[in-house]
Amino acid sequence: MRFPTPLIEGRLVRRYKRFLADVTLADGSLVTAHCANPGAMLGLNAEGFRVLLSPSTNPARKLGFSWELVEADLPGGPQWVGINTARPNALVAEAFRASTIAPLAGYETLRPEVPYGKASRVDFLASGPGLPPCHVEVKNCHLMRQPGLAEFPDCKAARSARHMEELAAVVAAGGRAMLIVVIQMRATAFDVARDIDPAFDRALQAALAAGMEAYAYTCAVEPGGVEIAAPVPILTPGAPPPPARTSG
């Protein structure tokens, strides 16, 4: 996923009210950018961090910029991290079209936002000839507290726990269900931040025990764009080994 226009560099002043961020641009001007991230953003929102914003092309939009990337001082060294939680679904759809997500090999269509469960919508419903429909839930990950270890969530995630319960119900009814964690940074493994949200940890492990599949993919993140790069192991008990890396 390449950014359609060059990103604008600045320095973070503060992130507040969950969805707002004040940023000082290179020319010294102060702008307020939309922060499409409802999480705590632990380790990503320190004053002075270098950030990249995408300019809006909609003249009617109230905020002229969206916060896309931050160069965070993470364990193991600084790196660019994607913080826009609206991006992972597009990244999965792009990788699906390029046939680089091995667990979805053979599926031909990926329909977004399909109703299921108790008033929920699954991120994608995959379908293909001779294959069972597959419910695909996508989660964004950008928390790193130990070198190389990506974690989710970074705050209480009751809605995500409910998704795990509903995916487990899909499997119990004879269907196929899958969690894809998109890690918008470099990492070597993924695990649940169970000290932050033990309820999500229990829900995920119960879903895995019921037969839900789970996969985690790192991303190559750079100022020009973000793309899914490679699968990494999930350390959560019950998770399957990572699939072999494929190329389109």
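The rules behind the values
- Residues numbered from 1 in each chain as written.
- Predicted model: local features only at pLDDT ≥ 70, side-chain atom pairs only at ≥ 80, totals over all residues.
- Heavy atoms only, no water.
- Helix = DSSP H or I, 4+ residues; strand = E, 2+ residues; numbered from the N terminus.
- Rg over C-alpha atoms; globule rule 2.2 N^0.38 Å.
- Buried < 20%, exposed > 50% of the residue type's maximum accessible area, 1.4 Å probe, protein only.
- Pairing = 2+ DSSP bridges.
- Axes fitted to C-alpha atoms, helices over the stretch in contact; angles between N-to-C directions.
- Contact = heavy atoms within 4.5 Å.
- Phe/Tyr/Trp six-rings, centres within 6.5 Å; stacked < 30°, edge-to-face > 60°.
- Lys NZ or Arg CZ within 6 Å of the ring centre and 35° of its normal.
- Polar contact = N/O pair within 3.5 Å; in protein donor to acceptor, adjacent residues only side chain to side chain.
- Expected span 1.5 Å × (residues − 1).
- Arc of directions from axis to C-beta.

Undergrad: Before we go on, may I ask you to explain the overall build of the protein chain in this structure?
TA: Counting its secondary structure elements, the protein chain contains three helices and 15 strands. In terms of overall size, the protein chain behaves like a compact globule, its C-alpha atoms giving a radius of gyration of 18 Å where 248 residues would be expected to give roughly 18 Å. Projected onto its principal axes, the C-alpha coordinates of the protein chain cover approximately 60 × 35 × 35 Å. Here the protein chain holds 248 residues, and 52% of them are scored as buried.

Undergrad: It is not clear to me how the sheet that holds strand β9 (residues 134–141) should be interpreted in this structure. Could you clarify?
TA: Pairing in this open sheet of six strands is mixed, and the strands run β7-β8-β9-β12-β14-β15 from one edge to the other. Two strands lie at the open edges of the sheet, namely β7 (109–116) and β15 (225–232), each paired on one side alone. Strand-to-strand, the axes of this sheet are offset by a mean angle of 35 degrees, without reference to chain direction. Relative to strand β14 (residues 213–222), strand β12 (residues 176–183) runs parallel, the two being bridged by six bridges. What sits directly across from Ile183, in β14, is Thr218. Across the sheet, helix α2 (residues 158–172) touches β7, β8 (120–127), β9 and β12, and the angle it forms with β9 is around 160 degrees.

Undergrad: Explanation requested: the environment of Pro103 in the structure shown.
TA: Position of Pro103 relative to the elements: it lies in the loop between α1 (87–97) and β7. According to the relative accessible area criterion, Pro103 is buried, its value standing at 10%. Sequence spacing of Pro103 and Pro231 is 128 residues, and the spatial spacing of their C-alpha atoms is 11 Å. Other than its neighbours up to four places away in sequence, Pro103 contacts Arg176, Met178, Tyr215, Tyr217 and Pro243.

Undergrad: Please explain the environment of Met212 as it appears in this structure.
TA: Mapped onto the elements, Met212 comes out in the loop between α3 (198–210) and β14. Residues Met212 and Pro240, 28 residues apart in the sequence, show an inter-C-alpha distance of 9.9 Å. When near neighbours in sequence (up to four residues on either side) are disregarded, Met212 contacts Met164, Leu167, Val171, Ala177, Met178, Leu179, Leu204 and Ala207.

Undergrad: Help me understand the packing of aromatic side chains, please; the structure alone is not making it clear to me.
TA: Aromatic ring pairs are described here by two measures, namely the spacing of the ring centres and the angle between the planes. All told, the structure shown has one aromatic pair when counted by the stated rule. In this structure, Arg14 packs its charged tip against the face of Tyr16, placed 3.7 Å from the ring centre.

Undergrad: Explanation requested: the side chain of Glu151 in the structure shown.
TA: Relative to the assigned elements, Glu151 resides in strand β11 (residues 149–152). Look at Glu151 and you get buried, because its relative accessible area is 6%. Within the local environment of Glu151, its side chain forms a polar contact with the side chain of Arg145, the two groups lying 2.8 Å apart. Those residues in contact with Glu151 that lie beyond four places of it in its chain are Cys141, Leu143, Arg145, Phe190, Asp191, Val192 and Ala193.

Undergrad: Would you explain α3 in this entry?
TA: Residues spaced three or four apart along an α-helix face the same direction, because each turn holds 3.6 residues. The end-to-end C-alpha distance of α3 is 18 Å, a good match for the 18 Å that 13 residues give at a rise of 1.5 Å each. Residues of α3 that are buried: Phe200, Asp201, Ala203, Leu204, Ala207 and Leu208. Taken down its axis, α3 places every buried residue within 165 degrees of arc, on the same side. Among the exposed residues of α3, those oriented more than 90 degrees off its buried face are Arg202 and Ala209. Looking at the buried side of α3, the elements it contacts are β11, α2, β12, β13 (189–192) and β14. Sitting at the amino-terminal end of α3 is Asp197, which places a side-chain oxygen 3.2 Å from the backbone nitrogen of Ala199. Within two residues after α3, Gly211 carries a phi angle of roughly 115 degrees, on the positive side.

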